[in-house]
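What the coordinates show
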Amino acid sequence: MREDRFTGKVAVITGSAQGIGFQLARDMAKEGARVVISDVDEEALKEASETLKEEGAVYLTVKCDVSDRIQVEDMVNKAFGEFGRIDILVNNAGILKNFPIEETTDELLDATIGINVMGALYAIRAVTPIMKKQHYGRIINVSSICGKMGDHSTTYVYGTSKGALLSTTRSVAYQLGPFGITCNSIAPHAVMTKLMAYWDEGRKKDAAEKIPVRRLGTVEDMSNLMMFLASDEAGFINGENVNINGGYYMD
């Protein structure tokens, strides 16, 4: 850990009151970033705020449903109003439900696309003028190996939504690269967060045995990778999707 890697930088992280997003917020704050944590879960935001306060972080909390364009724009405006710049955007907010195709309702289709895809599109559009003016930015989209290989266990729209983030990453990388803004994505697998609560112990054991490094992923693993992609050290990495799954899926 380098205490000064993100000094002077402002990071906006969606879905960050818990899980991967919260770990990333804590780690970035410890390395000097001013962090904006947003989440739709108000109670989780309060708990996250208490932890960040205890750790001495400089932060702002914003309740936000990323599927709502107005709320996303309000979040970005609050972040910019508080800190005067936005250097890093991490589109981490997501929804994952376990239903067979024939039981996937219209409401779940809309919610999955609304949160996993539209939320990222809204946030990217909202921060673009700010990052262009700064001639600097780092955008990271949290995708999944399901976006590459499809999903054989959860609702079929989840893979659809994560695949959309991969093409979004490339489009943004092409269009914003000339302005000093990079956009990359990560493709996790088997990270035991709240989204994966439907996995029982037997499934966890079976999954770990199929991963070459013989363990499941952690929120720390994900944070370490995104910290690098968000840093100046990764300034020549653009439009990439990085697999982070212990070797379960390689391409």
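Preceding block: the structure.
For the structure given in this document, a descriptive report is provided here.

Cut-off values and rules
- Residues numbered from 1 in each chain as written.
- Predicted model: local features only at pLDDT ≥ 70, side-chain atom pairs only at ≥ 80, totals over all residues.
- Heavy atoms only, no water.
- Phe/Tyr/Trp six-rings, centres within 6.5 Å; stacked < 30°, edge-to-face > 60°.
- Lys NZ or Arg CZ within 6 Å of the ring centre and 35° of its normal.
- Helix = DSSP H or I, 4+ residues; strand = E, 2+ residues; numbered from the N terminus.
- Contact = heavy atoms within 4.5 Å.
- Axes fitted to C-alpha atoms, helices over the stretch in contact; angles between N-to-C directions.
- Parallel < 35°, antiparallel > 145°, perpendicular 65-115°, else oblique.
- Left-handed = near helix turned anticlockwise from the far one by under 90°.
- Nonpolar A, V, L, I, M, F, W, Y, C, P; charged D, E, K, R; others polar.
- Pairing = 2+ DSSP bridges.
- Salt bridge = Lys/Arg side-chain N within 4 Å of Asp/Glu carboxyl O.
- Buried < 20%, exposed > 50% of the residue type's maximum accessible area, 1.4 Å probe, protein only.
- Right-handed = clockwise from strand over helix to strand, strands pointing away.

Things to note about the packing of aromatic side chains
Each aromatic ring pair is summarised here by two numbers: the centre-to-centre distance and the angle between the ring planes. Considering all chains together, one arrives at zero aromatic pairs under this definition. We note lysine 132 situated over the ring of phenylalanine 179; from NZ or CZ to the ring centre the distance is 4.4 Å.

Notes on the environment of isoleucine 86
Mapped onto the fold, isoleucine 86 is located in the loop between α3 (69-83) and β4 (88-91). Along the backbone, isoleucine 86 and isoleucine 237 are 151 residues apart, and their C-alpha atoms lie at a distance of 19 Å. In contact with isoleucine 86, not counting residues within four places along its chain, are Val10, Val12, Val76, Ala79, Phe80, Val127, Ile130, Met131 and Gln134.

Regarding the packing of helix α4 (residues 106-134) against helix α6 (residues 156-176)
Between α4 and α6, the least distance of the axes is 9 Å, while the angle of their chain directions is 15 degrees. With respect to α6, the element α4 is oriented roughly parallel. Once α4 is placed against α6, the crossing between them reads as right-handed. Between α4, through Leu108, Leu109, Thr112, Ile113, Asn116, Val117, Ala120, Leu121, Ile124, Thr128 and Lys132, and α6, the contact on the second element is made entirely by Tyr156, Val157, Tyr158, Thr160, Ser161, Lys162, Ala164, Leu165, Thr168, Val172 and Leu176. Partitioning the contact of α4 with α6 into residue classes produces 14 nonpolar, six polar and two charged.

Side note on the sheet that holds strand β6 (residues 181-188)
Pairing is parallel in the open sheet, where seven strands are placed in the order β3-β2-β1-β4-β5-β6-β7. Edge strands, defined here as strands with exactly one partner in the open sheet, are β3 (58-63) and β7 (241-244). Direction aside, neighbouring strands of the sheet carry axes that sit 15 degrees apart on average. Two elements, strand β1 (residues 10-13) and β4, share three bridges in a ladder whose sense is parallel. The residue bridging alanine 11 from the neighbouring strand is isoleucine 88, located in β4. Taken strand by strand, helix α1 (residues 19-30) contacts β1, β2 (34-39) and β4, and its axis lies near 170 degrees from that of β1. Contacts from α6 reach β5 (137-142), β6 and β7 within the one sheet, and its direction differs from that of β6 by about 160 degrees.

Some thoughts on the pattern of salt bridges
Proximity of charged atoms lets side chains of opposite charge pair with each other. All chains considered together, the criterion is met by 12 salt bridges. A salt bridge links aspartate 221 to arginine 215; its shortest N-O distance comes to 2.9 Å. By relative accessible area, which is 41% here, arginine 215 ends up partly exposed. Bridged by salt links that share partners, the residues Arg5, Glu31 and Glu233 form one connected network.

A look at the pairing of β4
Of the two faces of β4, both are covered, the one formed by Ile88 and Val90 as well as the one formed by Leu89 and Asn91. Across four bridges, the pairing between β4 and β5 is parallel. When the bridges of β5 are listed, leucine 89 appears paired with isoleucine 139. In terms of handedness, the path from β4 via α4 over to β5 forms a crossover that is right-handed.

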